[in-house]
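Structural overview
What follows is the residue order along each chain.
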Amino acid sequence: MHDHDDFQTEPVRGLPENLPEGEHILWQGHPDWWALTREALSFWWVAGYFVFLFAWRTTGGAATETWTQSATAASFFLVLGGIVCALLLAIGVIQAKATVYTITNRRVAMRIGAALTMTLNLPFRRIRNATLSRRGNGTGTIALEMDNDDGKVRLSYILTWPHVRPWRLKHPEPALRCIRDAETVAKLFAEAAETAVAEPVIERVPTAQPVAAE
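Here the structure is a predicted model, which means the values were calculated and not measured.

A few points about the sheet that holds strand E6 (residues 140-146)
- Judged by pairing direction, the sheet is antiparallel, and its three strands sit side by side in the order E5-E6-E7 without closing on themselves. Both outer strands of the open sheet, strand E5 (127-134) and strand E7 (175-179), are each paired with one neighbouring strand and no more. Ignoring which end each strand starts from, the neighbouring axes of this sheet average 10 degrees apart.
- Both E5 and E6 contribute to a ladder of seven bridges, which runs antiparallel. Following the sheet pairing, Ala130 is matched in E6 by Leu144.

Remarks on the pattern of salt bridges
- The full count for this structure, using the stated rule, is nine salt bridges.
- One salt bridge in this structure joins Asp32 and Arg180, with 3.2 Å as the shortest N-O distance. A residue pair is termed long-range when its members are at least 10 positions apart, and Asp32 in the loop between strand E1 (25-29) and helix H1 (33-39) and Arg180 in the loop between E7 and helix H5 (182-198) qualify at 148 residues.
- By relative accessible area, Arg180 is classed as partly exposed at 45%.

Some details on the environment of Ala96
- Residue position: Ala96 is located in helix H3 (residues 67-98).
- Once the C-alpha coordinates of Ala96 and Ala114 are considered, the two residues, 18 residues apart in sequence, prove to be 8.9 Å apart.
- Look past the residues within four positions of Ala96 in its chain and what remains in contact with it is His30, Pro31, Trp33 and Leu36.

Quick word on the environment of Pro172
- Within the fold, Pro172 resides in the loop between helix H4 (157-160) and E7.
- Separated by 12 residues in the primary sequence, Pro172 and Thr160 place their C-alpha atoms 8.7 Å from one another.
- If sequence neighbours within four positions are ignored, Pro172 has contacts with Leu155, Ser156 and Tyr157.

Concerning the environment of Leu41
- Following the sequence through the fold, Leu41 ends up in the loop between H1 and helix H2 (43-61).
- Distance from Leu41 to Leu89, taken between C-alpha atoms, is 8.8 Å for residues 48 residues apart in sequence.

Looking at the nonpolar core
- Among the nonpolar cores identified, the biggest contains 22 residues, and Val108, Phe124 and Leu176 are the most heavily contacted of them.
- Taken together, the elements giving at least two residues each to this core come down to strand E2 (100-104), strand E3 (107-112), strand E4 (118-123), E6, E7 and H5.
- A per-element tally of this core places H5 first, with seven residues.
- The next biggest cluster of nonpolar side chains, apart from the first, holds five residues, and it includes Phe43, Ala47, Cys85 and Leu88.

So, how was this worked out
- Residues numbered from 1 in each chain as written.
- Predicted model: local features only at pLDDT ≥ 70, side-chain atom pairs only at ≥ 80, totals over all residues.
- Heavy atoms only, no water.
- Pairing = 2+ DSSP bridges.
- Helix = DSSP H or I, 4+ residues; strand = E, 2+ residues; numbered from the N terminus.
- Axes fitted to C-alpha atoms, helices over the stretch in contact; angles between N-to-C directions.
- Salt bridge = Lys/Arg side-chain N within 4 Å of Asp/Glu carboxyl O.
- Buried < 20%, exposed > 50% of the residue type's maximum accessible area, 1.4 Å probe, protein only.
- Contact = heavy atoms within 4.5 Å.
- Core = buried A, V, L, I, M, F, W, Y, C linked by side-chain atoms within 4.5 Å.

So, in structure tokens, the structure goes:
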């Protein structure tokens, strides 16, 4: 058995290229697979749906046959539900494993996608606001509202799902979904963003060449 890294060509884990001079990584992480399965893939809703179908078929069938016979016939829904839930668990594990969230002193980078891998580079200066949604177990989601007044930031909800804030279809908000110790990461993000935005931006403007008098 040999370990194989599907992303071994990355010069830096989670990033498509080496960091430029002056930039360094502050934090890296990935979604908690079970939290991602529960929240993004609606695991309990799906499981509950098949349990409801089982109960509905059992109760309805008991009018013309015994409870045992009715429950046996309805067990098909439990088997089907078990298969679907197993697939959701597998998808959650694969998505979490393939994802790397990175916070540097200048930006947020998101390597996402299992089948179609893509990396989002989100500079702090393009992030208008950040929202933390925290769960009781410490996991949470940090959603990033992007500044798109000039139309340069275009995100597809479908291509970036489930790494987006739910139901923000018109203006998708990329999100660090279901990360552990979310409150600590949110504080780190806020401090880094505040520092980066406060730094002055120096632009080089070409100097006009003097015109010789005739």
